[in-house]
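# Understanding the architecture of this molecule
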Amino acid sequence: MEKYNVNGMSCAACVARVEKAVSKVKGVQSCSVSLLTNSMGVEGTASSKDIIAAVQKAGYDASLKNSSSTLNDNFSDNTNSSNKTDSSINADFDSNSKNEISILRNRLISSVLFLLVLMYFSMGHMMWKFPIPSFFIGNHIGIALLQSVLCIIIMIINKKFFISGFKSLIHFAPNMDTLVALGSGISFVYSLFVLFLMTSASGDSEKSMYYMNNLYFESSAMILTLITVGKLLEAVSKGKTTSALKSLIKLSPQTACIIKDGKEAIIPISQIKKDDLFIVRAGENIPADGIIIEGSASINEAALTGESIPADKKEGDSVSAATTNLSGFIKCRAEKVGQDTMLAKIIQLVSDSSTTKAPIAKVADKVSGVFVPVILGISLITFLIWIITGAEFSWSLERAISVLVVSCPCALGLATPVAIMVGNGVGAKNGILFKTSAALETAGKINTVILDKTGTITKGEPSVTDIIPFAKDYTEVDLLKIAGRIEAKSSHPLAKAVIRKCDESFGSEFLQEAEQSEISDFKEFAGNGLKCSINGKTVCAGKKDFILQQNTKQTLQKFESAIEQKLEELSNNGKTPLLFSVEDSVIGVIAVCDEIKEDSVNAISSLKNMGIKVVMLTGDNKKTAGVIGKKVGVNQIIAEVLPDEKEKVVRQFSSKGKVCMVGDGINDSPALVSADLGVAIGSGSDIAIDSAEVVVVKSRLSDVPALIKLGRHTLKNIYENLFWAFFYNIILIPIAAGVYYKLWGLQMNPMFGAAAMSLSSFCVVTNALRLNLLKIKDDKISNYKEAVMAENIKRIIKVDGMMCEHCEAHVKDALESIKGIESASADHKKGEVELELSKAVKDSALEKAIKKAGYTFIG
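Rules and cut-offs
- Residues numbered from 1 in each chain as written.
- Predicted model: local features only at pLDDT ≥ 70, side-chain atom pairs only at ≥ 80, totals over all residues.
- Heavy atoms only, no water.
- Helix = DSSP H or I, 4+ residues; strand = E, 2+ residues; numbered from the N terminus.
- Buried < 20%, exposed > 50% of the residue type's maximum accessible area, 1.4 Å probe, protein only.
- Areas by Shrake-Rupley, 256 points an atom, 1.4 Å probe, with all protein chains shown as cover.
- Axes fitted to C-alpha atoms, helices over the stretch in contact; angles between N-to-C directions.
- Parallel < 35°, antiparallel > 145°, perpendicular 65-115°, else oblique.
- Left-handed = near helix turned anticlockwise from the far one by under 90°.
- Contact = heavy atoms within 4.5 Å.
- Nonpolar A, V, L, I, M, F, W, Y, C, P; charged D, E, K, R; others polar.
- Pairing = 2+ DSSP bridges.
- Polar contact = N/O pair within 3.5 Å; in protein donor to acceptor, adjacent residues only side chain to side chain.
- Patch = residues over 30% accessible without salt bridge, like charges linked within 9 Å, V, L, I, M, F, W, Y side chains within 5 Å.
- Salt bridge = Lys/Arg side-chain N within 4 Å of Asp/Glu carboxyl O.
- Phe/Tyr/Trp six-rings, centres within 6.5 Å; stacked < 30°, edge-to-face > 60°.
- Lys NZ or Arg CZ within 6 Å of the ring centre and 35° of its normal.
- pLDDT = per-residue confidence, 0-100.
- Expected span 1.5 Å × (residues − 1).
- Core = buried A, V, L, I, M, F, W, Y, C linked by side-chain atoms within 4.5 Å.

## Here we look at the overall build of the protein chain
Each helix and strand in the protein chain was counted, giving 32 helices and 28 strands. The proportion of buried residues among the 859 residues of the protein chain is 54%. Entry remark: accessible area of the protein chain is about 38,600 Å², with carbon and sulfur atoms responsible for 54%.

What follows is the structure in structure tokens.
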């Protein structure tokens, strides 16, 4: 996608005009224009020259953004980056906004100063008899001339409305500025006409006073001034929609302390390079993504992940740019700098998202595309109807002008993008990145969440728990060595668990030998197992069904009852059995278990409380999957699903509602693409992250209910904004036209119409800013110490004060009296109690029972 800056747009009608013009260019596949950031994203093969020419032909200005410098200077590794200006994200979100606010503020101050003088003579003197210079007393023409001069000055100050408005009208694409320019211009021209009539009644004071009352110079000037007030308020509010991003940008330090030739040197952040050694002291921000090679520290990562609790980092751990060292001293090696850092990518993702358009915005765009021409028609019809019904010319004109200036297409155009922009910012601040605006909207409509088991519900770091040889000629050591040799060729998480066990048992030398060992005909069957030949013998590893399929001899068609019983026992305990066979003999099984993430139980509980169906999808066997599923409390378990079958399952659920697929592996990517919303866990593979529409920076399942909550509130905010935008126009346009005048005497002065118009967009943007106050994460999910424990989990707690076996019995009785604790086994020597739970039990309940028994609960 190529990005462009677009200047000259003032409302949603402008957006529709630009999109329509660019979409007609040959080679353009899609075009999305953002009024909020004055930017445009175009996909296709069309040249930038043709696209810019199309925008200019439509009456606007466009320029191509420099893709190589789309990030703030802070994130560029170019030493000349300090010379960059408009091409940075900071410029898009900050500099342009400040420049616009400054221009509008100066225009408003100048307009108000001249307007006060104009109002003093037009209304202050006429209505409240304010004193004026003797020259003007009884000199109606002199007062009228002064009003016209002051009005012209204010019109010159706000000439942008007239230039943009009439320029759009010439291109047959009237916009909001056209309405303002016509409303103010017609008032001025009519007043000028009345002024000329006054010259013919110079000796008739009564007639002169009549003409004075029909002057609208103050209305013409007031319309421009009030609209400028609204534009200023809107600009300030729009600037705040990117406050979350600006806070991220500001976090990056301007300098870095590197080690060069054994000495410390302070350099600009733009000069830090990959593999540079840098140091970070307490209180300093980290300048680049890197690895700690010396020292330890407590790092505040809230800026990137939204996690308020600092992370303890030690040698070998990774650190990210813009995070803060709260305490400690660390020396790091730079791994990613400039545009490659996580912070830079977060900002880039949110920036890219701002140029996309949510589907719901298309409704407002369609209305906005015809809104201004329709309003011009209504204004003309209003004028004609009042003239036909016998109303005075000035009255009819006033009604027509009121219709022009009260109508507001801006509120319609801003209703969706401001809410999306704020929502994206809130997500980024909490470590949740939406790649497109459509993804944020879809998140608010999800009713089914499908979770991959390994790496999503579980930690994705399985470990070997049991090594059980079945053949007489094989010991545990023999079985593990054979397993290590064959699994060394695989990258599967379960294979890595076996390799880690080999490393612990035999050292790294064995692994090096295993990787170099002569293994032929190696084949990996996704989701099933491995097959190879070692010393001329066929060796297989994997699921039970896979082993049976690969070995055709009669001896393997049916396992012995003892083997079947052992496999069932392992599966019932939530362990995954990996069978190993040599030729026609099953030589043993290695059981692997993946620990459940600390926040999985509560995250799934939160999803269910939100009315969302939670499904666990896994390639594991049904019994193991059943144990895990029961522990975490999902609604449905679908096990023994091969990677290529996951996509089919997702499509089945998609036919019944909006589906969110959450995964982290390469084999999850087809399912992530086919789901209505694909969510990739941050620690997952690059392929999964590329396939997903939402990326969770941290590997926390609790961020899934958080992103859905954000989506729902953003969608609700959009509906509120659209309701206000439509409601405002539906109610006020008839009043401005005088529809209710004969029924209830309701009418609208053009000045009040302009005031209402100026506030409408401000109200929409302000409502969207409320999303910044939204708390999307539940503290209970983050706080594992108070988290409820899943069913059938064994737990060990520390208890102080036990001195003998009698003490053990007291503690045992006290704990077993708690509902949900099946058994408690105390050891006074270790000061520990092993619990077996069948339902949710909180730490507070354990502490209360132990304290009542006369002992101290440690944790």
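## Re the packing of helix H1 (residues 12-23) against helix H2 (residues 48-57)
It is the contact of H1 with H2, at a shortest axis distance of 9 Å, that shows an interaxial angle of 140 degrees. Classed by the angle they form, the pair H1 and H2 counts as oblique. Classified by chirality, the crossing of H2 by H1 is right-handed. Here H1 contributes Arg17, Val18, Ala21 and Val22 to the contact with H2, which in turn contributes Ile51, Ala54, Val55 and Lys57. Per-class residue counts for the contact of H1 with H2 are six nonpolar, no polar and two charged.

## Here's the deal with the sheet that holds strand S2 (residues 28-34)
Ordered in space as S2-S3-S1-S4, the four strands form an open sheet in which the pairing is antiparallel. At either margin of the open sheet sits one strand with a lone partner, and together these are S2 and strand S4 (61-64). Direction aside, the axes of adjacent strands within the sheet are offset by 25 degrees on average. One ladder, built from four bridges, connects strand S1 (residues 2-7) with strand S3 (residues 39-44); its direction is antiparallel. In the sheet register, Asn5 faces S3, and the bridge partner there is Ser39.

## Details of the side chain of Ser407
Relative to the helices and strands, Ser407 resides in the loop between helix H13 (393-406) and helix H14 (409-429). A distance of 2.6 Å separates a polar side-chain atom of Ser407 from the backbone oxygen of Val403. Not counting the four nearest positions on each side in its chain, Ser407 is found in contact with Leu179, Phe371, Ile375, Asn729, Ile733 and Met757.

## Quick notes on a nonpolar patch on the surface
The grouping of Phe723, Trp724, Phe727, Ile730 and Ile731 at the surface amounts to a nonpolar patch, some 490 Å² of accessible area in total. With respect to the helices, strands and loops of the structure, Ile731 is situated in helix H27 (residues 703-737). Since its relative accessible area comes to 36%, Ile731 is described here as partly exposed.

## Observations regarding the packing of aromatic side chains
Using the criterion set out here, one finds 14 aromatic pairs in the structure. With a centroid separation of 5.7 Å and an interplanar angle of 85 degrees, the aromatic rings of Trp386 and Trp395 are classed as edge-to-face. Since its relative accessible area comes to 11%, Trp386 is described here as buried. Relative accessible area serves as the criterion here: at 17%, Trp395 is assigned to the buried category. On the basis of an interplanar angle of 20 degrees and a centroid distance of 5.3 Å, the ring pair of Phe723 and Phe727 is categorised as stacked. Within this pair, Phe723 and its partner Phe727 are both found in helix H27, separated by four residues, close to a single helical turn. Joined through ring pairs, the aromatic side chains of Tyr190, Tyr216, Phe383 and Phe393 make up one cluster. Between the NZ or CZ atom of Arg107 and the centre of the ring of Phe161, over which it lies, the distance is 5.1 Å. Lying over the aromatic face of Phe506, Lys481 brings its terminal NZ or CZ to 5.4 Å of the ring centre.

## Quick word on the confidence of the model for the protein chain
In the predicted model, the protein chain carries a mean pLDDT of 81, and the fraction of residues at 70 or more is 88%. Within the model, the stretch residues 67-93 combines pLDDT values under 50 with 65 contacts to residues more than four positions away or in other chains. Confidence over residues 780-792 falls short of pLDDT 50; this stretch has 36 contacts with residues more than four positions distant or in other chains.

## With respect to the pattern of salt bridges
Evaluated as defined, the whole model comprises 20 salt bridges. The partner of Arg651 in a salt bridge is Glu647, with the nearest N and O atoms 3.0 Å apart. A residue pair is termed a helical-turn pair when its members lie 3 or 4 positions apart in one helix, as Arg651 and Glu647 do in helix H24 (residues 643-654) at four residues. The exposure class assigned to Arg651 is partly exposed, which follows from its relative accessible area of 49%. Two residues, Glu832 and Lys798, come together in a salt bridge whose shortest N-O distance is 3.1 Å. Highlighted residues: Glu832 in strand S27 (residues 832-837) and Lys798 in strand S25 (residues 794-800), separated in sequence by 34 residues. Given a relative accessible area of 37%, Lys798 falls into the partly exposed group.

## Points about helix H5 (residues 159-170)
Along its twelve residues, H5 runs 16 Å from first to last C-alpha, staying within 8% of the 16 Å computed at 1.5 Å per residue. Looking at H5, one finds that the buried residues are Phe161, Phe162, Ser164, Gly165 and Ser168. Looking one or two places after H5, you find Phe172, whose phi comes out positive at around 55 degrees.

## Structural notes on the sheet that holds strand S16 (residues 529-534)
Here six strands make up an open sheet; going across it, the order is S14-S19-S18-S17-S16-S15 and the pairing antiparallel. The open sheet is flanked by strand S14 (463-469) and strand S15 (519-525), the only strands paired with a single partner. For this sheet the average axis-to-axis angle between neighbouring strands, irrespective of direction, equals 15 degrees. Here S14 pairs with strand S19 (residues 585-593) via six bridges, running antiparallel.

## Observations concerning the nonpolar core
Grouped together as the largest cluster of nonpolar side chains are 145 residues, with contacts concentrated most on Met40, Val449 and Leu707. By residue number, the principal contributor to this core is H27, which donates 15 residues. Setting aside residues up to four positions removed in sequence, Val449 forms contacts with Leu607, Ile612, Lys613, Val614, Val615, Cys660, Val662, Val704 and Ile708. The next biggest cluster of nonpolar side chains, apart from the first, holds 27 residues, and it includes Ile482, Ile486, Phe510 and Leu578.

## Re the pairing of strand S8 (residues 289-300)
Consecutive side chains along a regular strand alternate between the two faces of the sheet. Note that S8 and strand S11 (residues 324-336) share eleven bridges and pair antiparallel. In the sheet register, Ile299 faces S11, and the bridge partner there is Asn325. One ladder, built from two bridges, connects S8 with strand S10 (residues 318-319); its direction is antiparallel. The residue bridging Gly290 from the neighbouring strand is Val319, located in S10.

## Things to note about the packing of helix H4 (residues 140-157) against helix H6 (residues 176-199)
Following both chains from N to C, one finds H4 and H6 inclined at 160 degrees, their axes separated by 10 Å at the closest point. When the interaxial angle is binned, H4 and H6 end up roughly antiparallel. Of the two possible hands of crossing, H4 and H6 adopt the one that is left-handed. Seen from H4, the contacting residues are His140, Ile141, Ala144, Leu145, Ser148, Cys151, Ile152 and Met155; seen from H6, they are Phe188, Leu195, Met198 and Thr199. Looking at side-chain class alone, the contact of H4 with H6 contains nine nonpolar, three polar and no charged residues.

## Structural notes on unusual backbone geometry
The phi dihedral of Asp521 falls on the positive side, at around 55 degrees, and the residue is not glycine. Look at Glu640: it is not a glycine, yet its phi comes out positive at around 55 degrees. Mapped onto the secondary structure, Glu640 falls in the loop between strand S21 (636-638) and H24.

## A short note on helix H22 (residues 600-609)
Burial of H22 is extensive: seven of the ten residues sit out of reach of the surface. What H22 keeps buried is the set Ser600, Val601, Asn602, Ala603, Ile604, Ser606 and Leu607. Immediately downstream of H22, the backbone of Gly611 shows phi near 85 degrees, a positive value.

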